[in-house]
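Results of the structural survey
Listed below, chain by chain, are the residues.
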Amino acid sequence: QVQLVESGGGLVQAGGSLRLSCAASERTFNTYDMAWFRQAPGKEREFVARVTWRAGITAYADSVKGRFTISRDTAENTVYLQMNSLKVEDTAVYYCAARELPGREFGSWGQGTQVTVSL
């Protein structure tokens, strides 16, 4: 499995921006896609965005479309989540995940990074 390490979380005011990074181990040649999920206190984990590793095809949750952008740097084995126009309801722990086959469960997860958006 791919080892994943997130970074870039923090405290930001509503309307501000943050960029999250997810560094993957070198074993990315078996990766089909990578994704960001988030979990707010008292809520279930939810999908945020994903990108296919080779083609760079992206998909987003409706709640973040137009505000968040996922991208990947295959040379650096890193996935990014650029978050703009942040809202208080974006506050959550953000997790990076990877999987080797489409339609399967994400088998590799990072430890998470906290994003807090204040008024």
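Being a predicted model, the structure only gives us computed values, none of them experimental.

How each quantity is defined
- Residues numbered from 1 in each chain as written.
- Predicted model: local features only at pLDDT ≥ 70, side-chain atom pairs only at ≥ 80, totals over all residues.
- Heavy atoms only, no water.
- Phe/Tyr/Trp six-rings, centres within 6.5 Å; stacked < 30°, edge-to-face > 60°.
- Helix = DSSP H or I, 4+ residues; strand = E, 2+ residues; numbered from the N terminus.
- Buried < 20%, exposed > 50% of the residue type's maximum accessible area, 1.4 Å probe, protein only.
- Lys NZ or Arg CZ within 6 Å of the ring centre and 35° of its normal.

**What about the packing of aromatic side chains?**
Here the structure, examined in full by the defined rule, presents 4 aromatic pairs. Centroid distance F37 to F47: 5.9 Å. Interplanar angle 75°. Geometry classified as edge-to-face. Taken together, the residues span a long stretch of sequence, with F37 in strand 4 (residues 33-39) and F47 in strand 5 (residues 46-52) at a distance of 10 residues. Owing to a relative accessible area of 12%, F37 belongs among the buried residues under this scheme. Exposure remark for F47: the relative accessible area of 28% places this residue in the partly exposed category. Pairwise contacts between aromatic rings join F37, F47, F106 and W109 into one cluster. Seen from the ring of F37, R45 lies directly overhead, with NZ or CZ sitting 6.0 Å from the centre. Its guanidinium or amino end placed over the ring of W109, R45 lies 3.9 Å from that ring's centre, counting from NZ or CZ.

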